[in-house]
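Descriptive structure summary
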Amino acid sequence: MAVYTDVGDEDLAAFIADYDIGELVSFKGIAEGVENSNFLLRTTAASFILTLYEKRVNEAELPFFIGLMQHLAGRGINCPTPVRARSGAALGRLAGRPAAIVTFLDGVSVRRPRLPHCAQLGVALADLHAAGADFAVHRTNALSLPGWRPLFERSADRADEVQPGLAAEIDAELGRLEAEWPKALPAGVIHADLFPDNVFFLGDDLSGLIDFYFACNDFLAYDLVICLNAWCFETDLQFNVTKARALIAGYESRRPLTPGERAALPLLARGAAMRFLLSRLYDWLNVPPGALVTPKDPIEYLRKLRFHQRVTGVGAYGMTP
Ligand SMILES: Nc1ncnc2c1ncn2[C@@H]1O[C@H](COP(=O)(O)OP(=O)(O)O)[C@@H](O)[C@H]1O
Ligand SMILES: N[C@@H](CCOP(=O)(O)O)C(=O)O
């Protein structure tokens, strides 16, 4: 998260007066993150997260995210639960933005995941997929194959400022992905951004999942390779096959991958790397003036993409070919 929108004291007081959450004790912006403005709200009753939804979140889709968190929480997933105002509404407006209050989850994210973290992540991801299976609302993934080229076109003329030759390299890879992307694999509700900063641990035990604002319907295995990219490369961008094996084994302990999914993993992983390369590239070139946000490095994902381009089979991910 980040803070893009300031919230005035009087506006905040008026907003929380509509909720039964006690008296305000403290309120501060949270510097982590990228997408929305998040604030830690402490009241005499408990701690909460107040989110103001920003640029990439389409207001019409907010009921999907709010409904999904409610649904998953009801299925035993430890995720933020939307808090309803006295009117029953989980969504309001604050400082000109759509806004919601959700429950605060205890736990901390790990900066450098170790094997037990990866293994538990795999289990939690499969549990999330199972819990989402009967969620009735559908949200198309705006950041899957059909969305990548339009997103690229918004950065293409400046991409080489970030790295010479980048525009041509992305263009060529997009062409290959467009030709080869799978048409049918097991699909359902995916998190789509389950990076280490969105997974909480208490001690070494996975305690909760946050940040469902990219959640959508897509291939389940695509969610797994998003995690593979985010959790299984070391800081020097060497791929850690042991972590990959632990992550995938954790996932398969709950839901074995189908032969079609296994075969598609390298291509899905390239697509997942492309997705984050493109969103990071756009954000890198378009930092809003005055925003408290640190854009993430797009080139990290170019290097992850190049790794997967060299993969010839699932053995590279620690799986038995
Ligand atoms: N429900 C929650 N409980 C505890 N902390 C949270 C919760 N939601 C968000 N946070 C904190 O706020 C930060 C940013 O939240 P996140 O949802 O990742 O924002 P964004 O969608 O803008 O990236 C997280 O890294 C975490 O520290
Ligand atoms: N995980 C994405 C950026 C989205 O930020 P988050 O704070 O919502 O996880 C990336 O690393 O590019």
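Residues numbered from 1 in each chain as written. Chains lettered and ligands numbered in written order. Predicted model: local features only at pLDDT ≥ 70, side-chain atom pairs only at ≥ 80, totals over all residues.

Turning next to unusual backbone geometry. A positive phi angle, near 75°, is found at Ala192, a position not held by glycine. With respect to the helices, strands and loops of the structure, Ala192 is situated in the loop between strand 6 (187-190) and strand 7 (199-202). Judged by the 23 C-beta atoms lying within 10 Å of it, Ala192 falls in the buried class. Its identity is not glycine, yet Asp211 carries a phi of approximately 65°, on the positive side. (Helix = DSSP H or I, 4+ residues; strand = E, 2+ residues; numbered from the N terminus. Buried ≥ 20, exposed ≤ 12 C-beta atoms within 10 Å, placed from the backbone.)

Take the domain arrangement of the protein chain next. Domain assignment breaks the protein chain into domain 1 (9-103) and domain 2 (115-317). For domain 1 versus domain 2, the separation of C-alpha centres amounts to 26 Å. Contact with domain 1, which involves 21 residues of that partner, is made by 20 residues of domain 2. Of all the elements, helix 2 (residues 62-74) adds the most residues to the side of domain 1 that touches domain 2, at seven residues. Considered class by class, the residues forming the side of domain 1 that touches domain 2 number eleven nonpolar, six polar and four charged. (Domains from an automatic or database assignment. Contact = placed C-beta atoms within 7 Å. Nonpolar A, V, L, I, M, F, W, Y, C, P; charged D, E, K, R; others polar.)

For the protein chain, per-residue confidence averages 95 on the pLDDT scale, and residues scoring 70 or more make up 98% of the total. Scoring the predicted complex yields pTM 0.94 and, for the interface, ipTM 0.93. (pLDDT = per-residue confidence, 0-100.)

Another aspect to go through is the sheet that holds strand 2 (residues 37-43). The five strands lie next to each other as 1-2-3-5-4, forming an open sheet whose pairing is antiparallel. Because the sheet does not close on itself, it has two edges, and the strands there are strand 1 (24-29) and strand 4 (92-94). The average angle at which neighbouring strand axes cross in this sheet is 35°, direction not considered. In terms of strand pairing, strand 4 meets strand 5 (residues 97-103) through three bridges, oriented antiparallel. Bridging from a neighbouring strand, Leu94 pairs with Arg97 of strand 5. (Pairing = 2+ DSSP bridges. Axes fitted to C-alpha atoms, helices over the stretch in contact; angles between N-to-C directions.)

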